[in-house]
Amino acid sequence: MQLDDTTLFRQQAFVDGQWLDADSGATLEVLNPASNDALGTVPRMGAEETRRAVAAAERALPAWRSLTAKERAQKLRRWYELIMMHQDDLGRLMTLEQGKPLAEAKGEITYAASFIEWFAEEAKRVYGDTIPAHQGDKRIIVIKQPIGVCAAITPWNFPAAMITRKAGPALAAGCTLVVKPASQTPFSALALAELADRAGIPKGVLNVITGSAGDIGNELTANPAVRKISFTGSTEIGARLMAQSAPGIKKVSLELGGNAPFIVFDDADLDEAVKGALASKYRNAGQTCVCVNRIYVQDGVYDAFAEKFKAAVAGLQVGNGLDDGVEIGPLIDDRATGKVREHIDDALSRGAELALGGKAHSLGGSYFEPTVLVNVPHDAKVAKEETFGPLAPLFRFSDEAEAIALANDTEFGLASYFYARDLSRVFRVAEALEYGMVGINTGLISTEVAPFGGVKSSGLGREGSKYGIDDYLEMKYLCLGL
Ligand code: ADP
């Protein structure tokens with residue numbers, strides 16, 4: 001692996017400040033999705049190693065939560081600086097294991113680091129409250145304390161940011177953490193652990209274990225020492241983890257699937273709408289939970305938008321993420337391309353028309369052509385399910401009420417987008433969309449300063465912003481009799 005700092009490439013798990021193999025010595029191979037070549041291996045750990053990681057986090061907890069917020073913040077700040085200092089290597093490592101273009105990977109490192117920086121600052125602002133008492137001889141005070149040992153299970157589409165978005169607030173609040181990264185992209189997680197260690201974050205405070213998702217997930221949800229589970233991934237696995245967490249009444253934060261609508265009204269700036277749709281649909285080759293899944297265009301501008309959008313998509317450059325100018329890398333694996341294929345075939349069989357792309361890319365492997373479908377019927381699978389790939393289906397609508405009804409006709413409620421200029425319409429539609437996030441005249445909404453999260457089957461809790469740290473804190477009410 002060509003990195004400036006080769007010690008960032010770790011092929012062992014990080015537990016209690018030590019780099020470890022699985023007890024059995026078993027490993028998992030990690031592939032480069034651009035070539036299917038093996039990049040290396042990580043330990044295939046299970047329940048026993050998970051128990052030890054939780055025990056390490058439990059041992060580290062009393063000292064970590066007893067530090068002042070400023071002391072924790074200084075270590076987190078150092079971690080942030082080290083991540084930014086190694087941005088090139090971390091970006092390269094990410095492109096190798098995940099496939100996204102290098103510029104996007106480096107952008108993710110900046111985004112990932114921003115959560116550490118932000119929560120290092122927020123750590124110092126975990127204010128309590130005093131409440132006017134209900135009786136003259138009482139005083140009421142509210143304090144906030146870390147929940148305790150937390151666990152994070154994270155996906156492959158953002159191998160760094162989905163970890164820091166949890167580790168930042170958890171560690172800032174005074175919690176300790178066991179992270180289980182996705183098996184497709186563990187090297188980014190292990191490199192972050194190496195940098196946390198260099199930053200002086202004490203042993204046991206941040207642990208990264210790799211291996212069997214089922215065995216590790218079962219142990220993390222069953223282990224009574226774990227007080228909170230934070231998960232980003234599919235709704236199916238999120239629901240399972242929530243059910244597994246129920247007997248132990250563990251807190252859960254869930255960032256799950258989306259099915260983002262993107263509505264273009266007659267009064268929209270069409271060129272801006274095309275730019276927004278392109279950015280939101282094709283980022284990470286369509287593999288983000290806030291990627292546009294369904295594009296609804298009003299009758300009056302449908303044909304004009306379709307033409308401009310198709311021309312823009314035709315200009316996207318597909319290739320190996322390490323090559324200059326590439327905008328779309330390979331999908332993560334064959335299962336991902338299978339889902340895109342299935343949604344295209346289903347829509348075509350119901351009468352949609354293919355405007356662009358539609359098949360596996362000539363580069364082979366898991367590369368797929370950026371695809372545009374027009375006149376897609378509302379009963380197509382792609383209207384109901386998240387594609388997670390480079391497919392943009394264009395649907396037609398005639399009035400505002402219809403657009404809102406179509407947009408809300410889903411179990412999901414993560415991100416939504418619309419383009420319009422009429423101010424009354426902007427407020428009406430923004431308030432009517434049943435989503436945790438609404439992008440208005442923009443296709444890019446993610447930032448560490450705003451609350452990210454969904455409603456309905458898209459999840460529980462918010463990450464980032466001044467609210468994000470609350471997910472890792474308990475409120476305690478002190479009633480003082482005088
Ligand atoms: P995706 O389909 O995008 O890979 P998943 O929800 O399957 O999303 O995976 C997200 C994360 O959840 C990954 O880290 C994966 O290893 C983990 N995971 C998958 N199955 C389980 C399970 N049964 N218990 C705990 N974690 C799981």
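Residues numbered from 1 in each chain as written. Predicted model: local features only at pLDDT ≥ 70, side-chain atom pairs only at ≥ 80, totals over all residues.

- The protein chain is annotated in an unreviewed UniProt entry as NADP-dependent succinate-semialdehyde dehydrogenase of Stutzerimonas tarimensis.
- UniProt, in the comment section headed Sequence similarities (unreviewed entry), describes the protein chain in these words: "Belongs to the aldehyde dehydrogenase family." (UniProt positions renumbered as here; feature names shortened; annotations may be inferred.)

## Regarding unusual backbone geometry
So, point 1. A positive phi angle, close to 45 degrees, is found at Ile 249, a residue other than glycine.
So, point 2. Relative to the elements of secondary structure, Ile 249 occurs in the loop between α8 (235–245) and β11 (251–255).
So, point 3. The phi angle at Asn 284 is positive, at roughly 55 degrees, despite the residue not being glycine.
So, point 4. Mapped onto the fold, Asn 284 is located in the loop between α9 (270–282) and β13 (292–298).
So, point 5. Look at Asn 284 and you get buried, because 22 C-beta atoms sit within 10 Å. (Helix = DSSP H or I, 4+ residues; strand = E, 2+ residues; numbered from the N terminus. Buried ≥ 20, exposed ≤ 12 C-beta atoms within 10 Å, placed from the backbone.)

## Notes on the UniProt feature "active site" (unreviewed entry) in the protein chain
So, point 1. Cross-referencing UniProt, the feature "active site" (unreviewed entry) maps to Glu 255 in the present numbering.
So, point 2. When you line up the elements, Glu 255 lands in strand β11.
So, point 3. Ignoring sequence-local partners within four residues, the contact set of Glu 255 consists of Thr 232, Cys 289, Gly 453, Gly 454, Gly 459 and Glu 463. (Contact = placed C-beta atoms within 7 Å.)

## Section: the sheet that holds strand β20 (residues 473–481)
So, point 1. Strand order in the open sheet formed by 3 strands is β5-β6-β20, and the pairing between neighbours is antiparallel. Two strands close off the open sheet at either side, each with one partner strand: β5 (129–131) and β20. For this sheet, the mean inter-axis angle between neighbouring strands, taken without regard to orientation, is 25 degrees.
So, point 2. Pairing of strand β6 (residues 138–146) with β20 involves 9 bridges; the strand directions are antiparallel. From the neighbouring strand, Pro 146 faces β20, where its bridge partner is Leu 473. (Pairing = 2+ DSSP bridges. Axes fitted to C-alpha atoms, helices over the stretch in contact; angles between N-to-C directions.)

## What about the environment of Val 313?
So, point 1. Here Val 313 is to be found in helix α10 (residues 299–314).
So, point 2. You can call Val 313 buried: it has 23 C-beta atoms within 10 Å.
So, point 3. Along the chain, Val 313 and Ala 277 lie 36 residues apart, while their C-alpha atoms are 9.9 Å from each other.
So, point 4. Residue contacts for Val 313: discarding those within four places in its chain leaves Leu 278, Leu 356, Pro 370, Val 372 and Ala 392.

## Overview of the pairing of strand β15 (residues 371–374)
Regular strands place their side chains on alternate faces of the sheet.
So, point 1. Alternating residues of β15 divide into Thr 371 and Leu 373 and Val 372 and Val 374, and every residue in both groups is buried.
So, point 2. Across 3 bridges, the pairing between strand β14 (residues 353–356) and β15 is antiparallel. Paired with Glu 353 across the strands is Val 374, a residue of β15.
So, point 3. With 3 bridges joining them, β15 and strand β16 (residues 391–397) adopt parallel strand pairing. If you follow Thr 371 over to β16, its bridge partner there is Leu 391.

## With respect to the environment of Lys 138
So, point 1. The residue Lys 138 is located in strand β6 in this model.
So, point 2. Sequence-distant contacts of Lys 138, defined by excluding residues within four places in its chain, comprise Ala 133, Cys 479, Leu 480, Gly 481 and Leu 482.

## Some details on the sheet that holds strand β12 (residues 260–264)
So, point 1. An order of β14-β15-β16-β13-β12-β17-β18 is seen for the 7 strands of this open sheet, with the pairing classed as mixed. At either end of the open sheet lies a strand with only one pairing partner, and these are β14 and β18 (437–440). Neighbour-to-neighbour, the strand axes of the sheet open up by a mean angle of 25 degrees, direction not taken into account.
So, point 2. One ladder, built from 4 bridges, connects β13 with β16; its direction is parallel. When the sheet's bridge partners are listed, Tyr 296 is paired in β16 with Phe 395.
So, point 3. Sitting on the sheet, α9 is in contact with β12, β13, β16 and β17 (415–419), with an inclination near 165 degrees to β17.
So, point 4. The strands touched by helix α11 (residues 334–349) within the sheet are β14, β15 and β16, with β16 carrying the most contacts at an inclination of about 30 degrees.

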